[in-house]
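Structural overview
Residues per chain are reported as follows:
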Amino acid sequence: MEKKVAFTGNYDGNTDVYVLPIEGGEPKRITYHPSSDVLRGWLNNDEVFYTTSRDFTYALSPRLYSSNIQGLGMDKALLMPEANQGSPSADGRYWAYIKNTDPTERDRVAFKRYRGGGTPTIWIFDTKTKEIEAIPQVKSNDVKPLWLGSKVYFLSDRDKIVNIFSYDTKSKKVEKLTDFKDYDVRSLNGNGNELIFEYAGVLNTLSLNNNNKVTALHISVNTDAMFKRPYYKNIKEDIRYAALSPTGQRALFESRGEIFTVPKEKGEARNLSNSPGSHERFPDWSPNGKWVSYISDKKGSYQLVLVDQFGKDQPLYFNLGETNFYFEPTWSPDSKKLFYNDAHLNLYYIDIASKAIVKVADDKLSGQTGRVSNHFQPSWSPDSKWISFTRTLENGVPAVFMYNLDTKKTQQITDGMSSVRSTAFSQDGKYLFFTASTNTGLTNSGLHMSATQRNVDYAVYAFILSSKTLRSLRMKVMKSRFVKIKRTNQLKKKTTKQLA
């Protein structure tokens, strides 16, 4: 019998199930329904089963179907009316399955520590009696059930980190088989007395008859990797970030993980980072023109890098903290400091001379997701002594704050009755500008469907930063009123004279 590998693929514009001989060859398409079909396993040597959404007309959850790889007969729905993953017992009478979707399969969804009503529970379904037994759950995401022998193996985050557990269908006991403390176990499969799983980017086996010993697999795939050969690439379509030099004669561009400086008219383009094996981001030019800054993971973790504009001298590296991702370091006007934020909703600045890192604020009440920029929207004052920024209040509305670098004190500027954005100091330091809206209403939450079509209006406001500026404005207003009154009186006298 020819041995085959089944997999999910998209060769013809649709996600379907395919099989392929283990020696290689032409993939054979098994499913043809317009809905996506995601492989879950083999029922026997001739049948595969998979998750499909083809029943969404009648149900809110996917369902498990089976198909014959020889094309014999129609696709058949398994008995469970709603099922996303599953694994049958050896005799086929029982199924261990989950009804809800598996959050670990949605990388862009912030499921970590999720304990809401959508947490998947593993159910054991008796195809004869139609009865269901639930594997004990402790407010956790229990996923990827695998039935081997008399036990059901599965992944669970009941101890926060996703590890491998087993459930004995006879004794009804749950046992923890792995105890990783850092990274989640990402997949689970197995056969006989051995499990295979992905952990920390490496495939590992777990021997069930050898004290659950874990062994990392060292896999090497050798090929003529044509994509590794050097080649020319037009980078203009991949530009993600740009900045101007202080004189405006050159511009900085981030493209394909490299930092380039390009002249306005005459001169050469320069690759300042010149490191194709690492990721460089967020270039910026110091106001005094001495340094070009950017973030790089060349040394294993993201650091701040300073390099001269010609790229001749060795770059300087600065650690930015203990977390992994940082965004948009921005120079102070005196070219001595840069503020930046991290993916954990913290705002910092770093002093270049001392390399000291100072935490300005955090925004723990924010619901900000997809963190790829500095959501504090901060701004430097012209004298480099203040940082303005936005932060979420307990009512869920962002307000404007100002932080003083000398006193290390923060004060709130707006009252929290309007949603604010985009702070910026005026060049003379007299005003702090920001945009604000008083009719955001229900649009603060994406769960309110009645607000999806609601238009939100933002206007520009100015906060007066000194009493001197305020007095000057009052004098101008009074002078303007005086001139208006004087002109009105003159007009009245002229009208009276004409009537006489």
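Details of the structure are given in the entry above.
Here goes a summary of the coordinates provided. Model, not experiment: these values are computed from the prediction. (Residues numbered from 1 in each chain as written. Predicted model: local features only at pLDDT ≥ 70, side-chain atom pairs only at ≥ 80, totals over all residues. Heavy atoms only, no water.)

1. Structural notes on unusual backbone geometry
- At Lys 130, a position not held by glycine, the phi torsion is positive, near 65 degrees.
- On the secondary structure map, Lys 130 appears in the loop between strand E10 (122-126) and strand E11 (132-134).
- The residue Asn 274 is not glycine, and still its phi comes out positive at about 50 degrees.
- Tracing the backbone through its elements, the reader meets Asn 274 in the loop between strand E23 (270-271) and strand E24 (280-285).
- What makes Asn 274 exposed here is its relative accessible area of 56%. (Helix = DSSP H or I, 4+ residues; strand = E, 2+ residues; numbered from the N terminus. Buried < 20%, exposed > 50% of the residue type's maximum accessible area, 1.4 Å probe, protein only.)

2. A short note on the layout of surface pockets
- In this model, the largest pocket occupies a volume close to 1400 Å³.
- Taken together, 30 residues make up the lining of the largest pocket; nearest its centre are Asp 107, Ala 110, Lys 112, Phe 325 and Ala 343.
- Classifying every residue of the lining of the largest pocket by side-chain character gives 12 nonpolar, seven polar and 11 charged.
- Its boundaries defined by the atoms lining it, the second largest pocket holds a volume of some 1200 Å³.
- Lining the second largest pocket are 34 residues, and of these Arg 40, Gly 41, Trp 42, Phe 49 and Asn 189 sit closest to its centre.
- Mapped by element, the contributors of at least two residues to the lining of the second largest pocket are strand E1 (4-9), strand E4 (37-44), strand E8 (85-88), strand E12 (142-148) and strand E16 (185-191).
- Here the element with the most residues in the lining of the second largest pocket is E4; it accounts for six residues.
- Partitioning the lining of the second largest pocket into residue classes produces 19 nonpolar, 11 polar and four charged. (1 Å grid on protein atoms, 1.4 Å probe; cavity = no way out; pocket = protein on both sides within 12 Å on 5 of 7 lines; lining within 4 Å. Points joined across faces, edges and corners; volume = space filled by probe spheres on them. Nonpolar A, V, L, I, M, F, W, Y, C, P; charged D, E, K, R; others polar.)

3. Some words on the environment of Ser 418
- Tracing the sequence through the fold places Ser 418 in the loop between strand E35 (410-412) and strand E36 (419-425).
- Look at Ser 418 and you get buried, because its relative accessible area is 13%.
- Taking C-alpha positions, Ser 418 is 7.0 Å from Val 397, a pair spaced 21 residues apart along the chain.
- Sequence-distant contacts of Ser 418, defined by excluding residues within four places in its chain, comprise Val 397, Pro 398, Ala 436, Ser 437 and Thr 438. (Contact = heavy atoms within 4.5 Å.)

4. Points about the sheet that holds strand E21 (residues 250-255)
- Within the open sheet, the four strands sit side by side as E20-E21-E22-E23. Their pairing is antiparallel. The open sheet is flanked by strand E20 (239-244) and E23, the only strands paired with a single partner. (Pairing = 2+ DSSP bridges.)

5. Things to note about the packing of aromatic side chains
- All told, the structure shown has 22 aromatic pairs when counted by the stated rule.
- Ring centres of Phe 282 and Phe 327 lie 6.1 Å apart, and the angle between their planes is 80 degrees; this geometry places the pair in the edge-to-face category. Of this pair, Phe 282 sits in strand E24 while Phe 327 sits in strand E28 (residues 326-331), and the two are 45 residues apart along the sequence.
- Looking at Phe 282, the relative accessible area reads 5%, which means it is buried.
- Given a relative accessible area of 3%, Phe 327 falls into the buried group.
- Ring-pair connections join several aromatic residues into one group, and the members of that group are Phe 180, Tyr 183, Phe 197 and Tyr 199. (Phe/Tyr/Trp six-rings, centres within 6.5 Å; stacked < 30°, edge-to-face > 60°.)

Shape is all these values report; function is a separate question.
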